[in-house]
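A look at the structure
So you can see what is in the structure, the chains are spelled out below.
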Amino acid sequence: MIRRIFLVGFMGSGKTTIGKFIAHDMNLTFVDMDDYFEQKHNCTIKQYFALHGEDGFRKAENEVVAELCEKQDVIVATGGGAPCFYNNMELMRKAGLTIYLNVEPADLAKRLSNAKENRPLLADKTDEELLAYIESKLGEREGFYRQAHLIVDGEHLPFSTYKTLIEMFPEDELN
């Protein structure tokens, strides 16, 4: 059985929601990478950014990815940018199964427009600016996300299908 699963994708793609479902369904421990980071560093990501800048954050995030790659029986909802820096995607691919939750920009914009106040990068954006931001960032990140072992329709795939896909994935193809 696959011992580590990493969900990658843009913010709002459903990594946390789907991750919790899979964890419960497959008796795995769910780890939200952002929460793990904040507990480890005893501050919010926003505070860490303010103290150390993005470069400092990305380096510390890389250390968190390496730690999570050592855990057993986990499903990890990664931060949206985590796969795109250092060798994070390579580390995750070698340690376990990576799944990209692919969601169209317009669908992400709909989901995120209701959560702007909880996401500082989006807070002051109009709906048009939000869509443009998503399209731009997704364009930068897509190449990293698409390195995942599995690319799934994060908008329409039923939760129950994830367990089947994971169980059917040949372990000898992990790396």
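Criteria and thresholds
- Residues numbered from 1 in each chain as written.
- Predicted model: local features only at pLDDT ≥ 70, side-chain atom pairs only at ≥ 80, totals over all residues.
- Heavy atoms only, no water.
- Buried < 20%, exposed > 50% of the residue type's maximum accessible area, 1.4 Å probe, protein only.
- Helix = DSSP H or I, 4+ residues; strand = E, 2+ residues; numbered from the N terminus.
- Arc of directions from axis to C-beta.
- Contact = heavy atoms within 4.5 Å.
- Polar contact = N/O pair within 3.5 Å; in protein donor to acceptor, adjacent residues only side chain to side chain.
- Phe/Tyr/Trp six-rings, centres within 6.5 Å; stacked < 30°, edge-to-face > 60°.
- Lys NZ or Arg CZ within 6 Å of the ring centre and 35° of its normal.
- Axes fitted to C-alpha atoms, helices over the stretch in contact; angles between N-to-C directions.
- Left-handed = near helix turned anticlockwise from the far one by under 90°.
- Nonpolar A, V, L, I, M, F, W, Y, C, P; charged D, E, K, R; others polar.
- Pairing = 2+ DSSP bridges.
- Core = buried A, V, L, I, M, F, W, Y, C linked by side-chain atoms within 4.5 Å.

A word on helix 2 (residues 33-41)
- For helix 2, the set of buried residues is Met33, Tyr36 and Phe37. In a view along the axis of helix 2, the buried residues occupy a sector of 100 degrees, so they form one face of it.
- If you follow the buried residues of helix 2, they end up packed against strand 2 (29-32), helix 3 (45-68) and strand 3 (74-77).
- The backbone nitrogen of Asp34 lies 3.0 Å from a side-chain oxygen of the residue at the head of helix 2, namely Asp32.
- Count one or two residues on from helix 2 and you reach Asn42, which has phi positive near 55 degrees.

Focus on the packing of aromatic side chains
- For the coordinates displayed, the defined rule picks out five aromatic pairs.
- Between Phe21 and Phe159, the ring centres sit 4.8 Å apart and the planes meet at 40 degrees, which makes this aromatic pair tilted. One end of the pair, Phe21, is in helix 1 (residues 15-26); the other, Phe159, is in helix 7 (residues 159-168), and 138 residues separate them in sequence.
- Phe159 sits in the partly exposed class, given a relative accessible area of 33%.
- Across from the ring centre of Tyr133, 4.9 Å away, lies the NZ or CZ of Lys125, which sits over that ring.

Re the packing of helix 1 against helix 7
- The geometry of helix 1 relative to helix 7 is characterised by a closest axis approach of 10 Å and an angle of 65 degrees between their N-to-C directions. Like other packed secondary-structure pairs, helix 1 and helix 7 cross with a definite hand, here right-handed. The residues of helix 7 that touch helix 1, namely those facing Thr17, Ile18, Phe21, Ile22, Asp25 and Met26, are Phe159, Ser160, Tyr162, Lys163, Ile166 and Glu167.
- By residue class, the composition of the contact of helix 1 with helix 7 is seven nonpolar, two polar and three charged.

Quick look at the sheet that holds strand 2
- Spatially, five strands are ordered 2-3-1-4-5 in an open sheet, and the strand pairing comes out parallel. What marks the edges here is a single partner per strand, and that holds for strand 2 and strand 5 (150-153). Adjacent strand axes in the sheet meet at a mean angle of 25 degrees, parallel and antiparallel pairs treated alike.
- For strand 4 (residues 97-102) and strand 5, the ladder comprises four bridges, and the chain directions are parallel. Residue Ile99 lies in a different strand from strand 5, and its bridge partner there is Leu150.
- Its contacts with the sheet place helix 1 against strand 1 (4-8), strand 2, strand 3 and strand 4, and it is angled at close to 165 degrees to strand 2.
- Packed on one face of the sheet, helix 4 (residues 88-95) meets strand 1 and strand 4 and runs near 145 degrees to strand 1.

A look at the nonpolar core
- Counting residues in each nonpolar core, the largest one holds 36 residues, and the members touching the most others are Phe10, Leu68 and Ile134.
- Those elements that place two or more of their residues in this core are strand 1, helix 2, helix 3, strand 3, helix 4, helix 5 (105-113) and helix 6 (127-145).
- Looking at this core element by element, the count peaks at seven residues for helix 3.
- Residues Ala23, Ile75, Leu101 and Phe169 belong to the second largest nonpolar core, which totals 18 residues.

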